[in-house]
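Coordinate inspection notes
The primary structure of each chain is shown beneath.
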Amino acid sequence: MERYVDGDRRAFEELHVALSHRLRGFLLKLVHDEPACDDLLQLTLLKAHLARDRFRVPGGDPDGAVQAWYFAIARNVAMDFLRDRHRSKKREAGGSDDGKDAVGGLPDPTPTAQEHGEQVESEAIIVEEVRAAIAQLPPKQREVVELHKLRGMSMADIASRLQVREGAIRVRAHRAYKALARLLQPRKRPLLGQDDATREAE
Amino acid sequence: MKRNVFDAIGADLSAGTREKRRHFLPALVGAISLIFALVAMAGIRQDFLEMPMWRQVALGASWIVCGLLFPAVGVGLWFPPRRTRIALAIAGVAIPLAAVIGWPIGAEPPHDAAPCGIALVALGTGLVGVGALSGAFAQRRAAASTTWVAAGLTLAALATTSWICPVDHGGHLAWGHLLPALMFAALALALGRRLHRRART
């Protein structure tokens, strides 16, 4: 290690041969990600190279000190990788990044078969209730809601299609969404997007 | 495993070696110039060709071993294995000593030791000065590297005095060559350690 620190390329190659295999196994055990292991190993070697001037032999065992130093760097690299992966997963799931450590173990975001079944059933009930509420609307308001929400048409397009002024369509839509909000329970509003629709209608 | 980082680290280490060589070669040229200047001014000893062949070879080898190989190890341009280092250290001390003392030890009458001592210290100071200016004492992290540089330069100066001084009397060699060399080596080592500490902290 001393020779490597002093710039001996051959010493680095010997060190690399002696440590790479074990470091890779160590990283694989930490991250359980075969393709990422090679990158993490390279990152470990690079970080060790950049910090090699800080290497010290604390006791009388230089070999042990070198191994401990490399494995400590590899562990830090693996922890950083796990944190980044955890943050990415949270972002993908729409959660906020609270900076907590992922290493302690995350709850598995994949639902069980039973949870999945319950979720599907719950969604089906909500859809039925929303359809029933829309059916209770006056025909002119129902028509606007169906064209706007179910077919995704803009207010201008609906006005053009129904040969009515756009302002009148917005008024109908506003009244329709207010009526739906009354008919539906609060927990179902987000599914309908009532707030946004009302705002757009206004 | 992909080799891009491996190659990048290797290239970085090679660049460091090239940088060291850029400092080392001008210093080597400076040291050789100083040695040849002293030899040219004082002249090669008249009995040089009458000396045994082994002694002539040993005097020449002393320059190479002590003036070139020792500093190369000291600055980190050459990283020999442990056994080679030990062999080099033994050879680096034994060859100049054998070349300086010779065998059998001459029986000339007592000779003034001061001029040789002064010449050795003057040349040694020049060599150590070149080493200090080129940063040779602070190239490696271990302070022990300064020993290689200081010992090499001192032994090279010791060998050089034997190129010019024809006296082989034991007392003269002890007082005019070996003792000044020993004292100068201690001073050079202390200076080297100081420069190393200053550069590394």
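Preceding block: the structure.
Everything in this summary refers to the structure shown in the same document.

Each value, and the rule that gives it
- Residues numbered from 1 in each chain as written.
- Chains lettered and ligands numbered in written order.
- Predicted model: local features only at pLDDT ≥ 70, side-chain atom pairs only at ≥ 80, totals over all residues.
- Heavy atoms only, no water.
- Helix = DSSP H or I, 4+ residues; strand = E, 2+ residues; numbered from the N terminus.
- Buried < 20%, exposed > 50% of the residue type's maximum accessible area, 1.4 Å probe, protein only.
- Areas by Shrake-Rupley, 256 points an atom, 1.4 Å probe, with all protein chains shown as cover.
- Polar contact = N/O pair within 3.5 Å; in protein donor to acceptor, adjacent residues only side chain to side chain.
- Contact = heavy atoms within 4.5 Å.
- Patch = residues over 30% accessible without salt bridge, like charges linked within 9 Å, V, L, I, M, F, W, Y side chains within 5 Å.
- Salt bridge = Lys/Arg side-chain N within 4 Å of Asp/Glu carboxyl O.
- Phe/Tyr/Trp six-rings, centres within 6.5 Å; stacked < 30°, edge-to-face > 60°.
- Expected span 1.5 Å × (residues − 1).

**Points about the overall build of chain B**
- A count of helical and extended segments in chain B gives six helices and zero strands.
- Within chain B, the proportion of its 201 residues that are buried is 44%.
- Accessible surface computed for chain B: about 10,000 Å², of which carbon and sulfur atoms make up 70%.

**Let's talk about the side chain of His-196 of chain B**
Residue and element names in this part refer to chain B.
- Among the secondary structure elements, His-196 is positioned in helix 6 (residues 170-200).
- For His-196, a relative accessible area of 6% translates into the label buried.
- There is a polar contact of 3.1 Å between the side chain of His-196 and the backbone oxygen of Arg-141.
- Other than its neighbours up to four places away in sequence, His-196 contacts Phe-137, Ala-138, Arg-140, Arg-141, Ala-142, Ala-143, Ser-145 and Thr-146.

**Concerning the environment of Met-183 of chain B**
- Here Met-183 of chain B is to be found in helix 6.
- Once the C-alpha coordinates of Met-183 of chain B and Val-121 of chain B are considered, the two residues, 62 residues apart in sequence, prove to be 9.2 Å apart.

**Structural notes on a nonpolar patch on the surface**
- Together, Trp-175, Leu-179, Leu-182 and Met-183 of chain B give the surface a local cluster of nonpolar side chains, amounting to about 480 Å² of exposed area.
- As for its position among the elements, Leu-179 of chain B is in helix 6.

**Considering the packing of aromatic side chains**
- Inspection of every chain in the model, using the stated rule, returns eight aromatic pairs over all chains.
- Relative to Phe-12 of chain A, the ring of Tyr-4 of chain A lies with its centre 5.3 Å away and its plane at 35°, an arrangement referred to as tilted. Taken as a pair, Tyr-4 of chain A and Phe-12 of chain A share a single burial class, namely buried.
- Considering the side-chain rings of Phe-70 of chain B and Trp-148 of chain B, the 5.0 Å spacing of their centres and the 70° angle between planes classify their relative orientation as edge-to-face. Here Phe-70 of chain B, found in helix 2 (residues 53-75), pairs with Trp-148 of chain B, found in helix 5 (residues 145-164); they are 78 residues apart in sequence, far enough to count as distant.
- Aromatic ring contacts, followed pair by pair, group Phe-36, Phe-48, Trp-63 and Trp-163 of chain B into a single cluster.

**Quick notes on helix 3 (residues 34-50) of chain A**
- Over its 17 residues, helix 3 of chain A runs 25 Å from end to end, which matches the ideal 24 Å to within 8%, given 1.5 Å per residue.
- Where helix 3 of chain A is concerned, the buried positions are Ala-36, Cys-37, Asp-38, Leu-40, Leu-41, Gln-42, Thr-44, Leu-45, Ala-48 and His-49 of chain A.
- Lining the buried residues of helix 3 of chain A we find helix 1 (2-5), helix 2 (9-31) and helix 4 (62-92) of chain A together with helix 1 (4-42) of chain B.

Read these as spatial facts, not as claims about activity.
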